[in-house]
Amino acid sequence: MITPNKLKKILPINKITKNFILKSRETIINIINGKDPRLLIICGPCSIHEIKSAIDYGTRLKFLSKKFINKLYIVMRVYLEKSRTIYGWKGLINDPYINQSFDIESGLFIARNLLLHLLKLELPIATEILSINNYQYINDLISWGSVGARTVESQIHREMVSGISIPVGFKNNTDGNITKAINAIMASRLKHSFININQHGKINIVNTNGNCNSHIILRGGKTPNYYNDNIYFCKRKMTNLGLPTALLIDCSHGNANNNYLNQLKVARFILKQINNNNNHDIIGIMLESNINSGNQKLNSSKHLKYGVSITDPCINWDTTNEILFEIYNNLSTRIIK
C-alpha cells in the first residue's frame, strides 16, 4: 500500500494552494469564534462518485462564492467516504469504480487528484472524517471536517480530532440526542495519546494538544432540532459546560424529516431566526445539493445519470441557487462579537 508521504509527493500541493487552505481554515475558525460575521455555508453532494460532475458543481459553486463573499463563506462539501448503517456503497476512496472491487489505493489517488482540481478554483473543501488512516492521505487539503452521527461516540475519532489543525463539527446522534456530540467536543479539546500511522506508513504513538475549534452540528433525529427551543436548549447546555455556543444547522436529514426538498424550508426558518434575534450562535448551515435532484439506485456505474446522487437525495442546482440568493439578499448584517 502506498504511504501518505509518497502519494503527496506524486500529487503535491503548491505554495499558493497551501496558503489558500491555511487562510480558509483561519476564516472558518474566526466564524466559529465570532470574529468574522459571515455565515458559513457547507454545500455540496451527499457523496462524490463522479469526477466530471464534481468539478462541474465546484465551478458553479465558486461563481456564487465570489458573488456572495461579503456575507457568506461557502465551502464545498466533498464527502469521499460514507458511513453505512448496514450496507451500501462506502464512497469514492473505498470503491472508486462502483463495482465492489474495493481498489482503495486507486481511490486515494482519484480522491486526492479531485481535491487538487477543486482547490485550483480556490474553493475551500469540507469532508467527513471517517477512516483515520485514509485521512492521512488528504489532510493537507481540507479546510473543515465533520464527524458523523454514527461515529460521534467513537473514542478514536474524538482523539484524532484533538490532534488535527482544522475546525471540526460533531453531529448529534441519529436519534437526535445532542449529549454525545457535546461530550465529543469536550473530549476533542483535551490532550490525548493513541496509536496511529504516520506519513511514512509506520505505526507510532501520537500525542495531541487538543482542538479548541470543534463545534456542534444539529442534524435532527426522530424529530427536527432547529427550532428556537432546540437552539436555546443546546446553547444553555454548552454554556453550562463552559463550551462556545457555535451551532451549525444541517438542513437535511432529521431536520428535513428525511425529505430532501424540505431543505429550502429549513434554510428559510434559520434565516428568520438569525434576523429576528441577530443570533451569532448560529454560525452557518449545511445543504445536501447536487446538479440534479433526488438520488438513483446503484446498478452499474455505466448507467448512472449525470449529477444525481447515489446515496442520500439532494436538491438540484436551481434550488441551491435559490436558497443561497435568498439568504444573501435577506441576511441582516451581523456585528462581530
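Model, not experiment: these values are computed from the prediction.

### A word on the packing of helix 3 (residues 51–67) against helix 4 (residues 104–120)
When two helices pack together, their arrangement is given by the angle between their axes and by how far apart the axes lie.
And then number 1: Between helix 3 and helix 4, whose axes approach to 10 Å, the crossing angle comes to 25°. The angle between helix 3 and helix 4 places the two elements in the roughly parallel class. Handedness of the helix 3/helix 4 crossing: right-handed. Seen from helix 3, the contacting residues are Ile-51, Ala-54, Ile-55 and Gly-58; seen from helix 4, they are Ile-110, Leu-114, His-117 and Leu-118.

### Here we look at the layout of surface pockets
Rolled over the atoms, a probe with the dimensions of a water molecule shows which regions are left empty.
And then number 1: Roughly 560 Å³ of volume is contained in the largest pocket.
And then number 2: Along its surface, the largest pocket is lined by 29 residues, and Lys-82, Arg-150, Arg-219, His-253 and Asp-312 are the ones closest to its centre.
And then number 3: Classifying every residue of the lining of the largest pocket gives 8 nonpolar, 12 polar and 9 charged.

### What to know about helix 8 (residues 263–277)
And then number 1: Compared with an ideal rise of 1.5 Å per residue, which puts 15 residues at 21 Å, helix 8 spans 21 Å between its outermost C-alpha atoms and is within 8% of the ideal.
And then number 2: Three or more residues of helix 8 are buried, namely Gln-263, Leu-264, Val-266, Ala-267, Ile-270, Leu-271, Gln-273 and Ile-274.

### Quick notes on a nonpolar patch on the surface
And then number 1: Residues Ile-195, Ile-203 and Ile-205 make up a contiguous nonpolar surface patch of roughly 360 Å² in combined accessible area.
And then number 2: In this structure, Ile-203 sits in strand 7 (residues 203–207).
And then number 3: Taking relative accessible area as the criterion, Ile-203 reaches 64% and is therefore assigned exposed.

### As for the pairing of strand 10 (residues 282–288)
And then number 1: Among the 7 residues of strand 10, 7 are classified as buried, and the element is accordingly described as predominantly covered.
And then number 2: As judged from the 5 bridges shared by strand 1 (residues 39–44) and strand 10, these two strands associate in the parallel manner. Bridge pairing in strand 10 places Ile-42 opposite Met-286.
And then number 3: Where strand 9 (residues 247–250) lies against strand 10, 4 bridges are found, and the strand directions are parallel. Bridging across to strand 10, Leu-247 finds its partner in Ile-282.

### A word on the packing of helix 3 against helix 9 (residues 317–330)
And then number 1: In contact at an axis separation of 11 Å, helix 3 and helix 9 are set at 15° when each is read in the N-to-C sense. Considering the angle they form, helix 3 stands roughly parallel to helix 9. For the pair helix 3 and helix 9, the sense of crossing is right-handed. Residue-level inspection shows Tyr-57, Arg-60, Leu-61, Leu-64 and Lys-67 of helix 3 in contact with helix 9, the latter providing Trp-317, Thr-320, Asn-321, Leu-324, Phe-325 and Tyr-328.
And then number 2: Broken down by class, the residue content of the contact of helix 3 with helix 9 amounts to 7 nonpolar, 2 polar and 2 charged.

### Some points on unusual backbone geometry
And then number 1: One non-glycine residue, Phe-102, adopts positive backbone phi at about 50°.
And then number 2: The topology assignment puts Phe-102 in the loop between strand 2 (72–77) and helix 4.
And then number 3: Under the relative-accessibility criterion, Phe-102 is labelled partly exposed at 44%.
And then number 4: Look at Asn-258: it is not a glycine, yet its phi comes out positive at around 55°.

### Looking at the pattern of salt bridges
Charged atoms that come close allow side chains of opposite charge to pair.
And then number 1: Scanning all chains against the criterion turns up 9 salt bridges.
And then number 2: A salt bridge links Glu-288 to Arg-77, with the nearest nitrogen and oxygen atoms 3.0 Å apart. With Glu-288 in strand 10 and Arg-77 in strand 2, this residue pair connects regions lying 211 residues apart in the sequence. Arg-77 carries the same exposure label as Glu-288, and that label is buried.
And then number 3: The salt bridge partner of Arg-268 is Glu-326, with a shortest N-O separation of 2.8 Å. In this pair, Arg-268 sits in helix 8 while Glu-326 sits in helix 9, placing the two residues 58 residues apart along the sequence.

Quick notes on the rules
Residues numbered from 1 in each chain as written. Predicted model: local features only at pLDDT ≥ 70, side-chain atom pairs only at ≥ 80, totals over all residues. Heavy atoms only, no water. Axes fitted to C-alpha atoms, helices over the stretch in contact; angles between N-to-C directions. Helix = DSSP H or I, 4+ residues; strand = E, 2+ residues; numbered from the N terminus. Parallel < 35°, antiparallel > 145°, perpendicular 65-115°, else oblique. Left-handed = near helix turned anticlockwise from the far one by under 90°. Contact = heavy atoms within 4.5 Å. 1 Å grid on protein atoms, 1.4 Å probe; cavity = no way out; pocket = protein on both sides within 12 Å on 5 of 7 lines; lining within 4 Å. Points joined across faces, edges and corners; volume = space filled by probe spheres on them. Nonpolar A, V, L, I, M, F, W, Y, C, P; charged D, E, K, R; others polar. Expected span 1.5 Å × (residues − 1). Buried < 20%, exposed > 50% of the residue type's maximum accessible area, 1.4 Å probe, protein only. Patch = residues over 30% accessible without salt bridge, like charges linked within 9 Å, V, L, I, M, F, W, Y side chains within 5 Å. Areas by Shrake-Rupley, 256 points an atom, 1.4 Å probe, with all protein chains shown as cover. Salt bridge = Lys/Arg side-chain N within 4 Å of Asp/Glu carboxyl O. Pairing = 2+ DSSP bridges.

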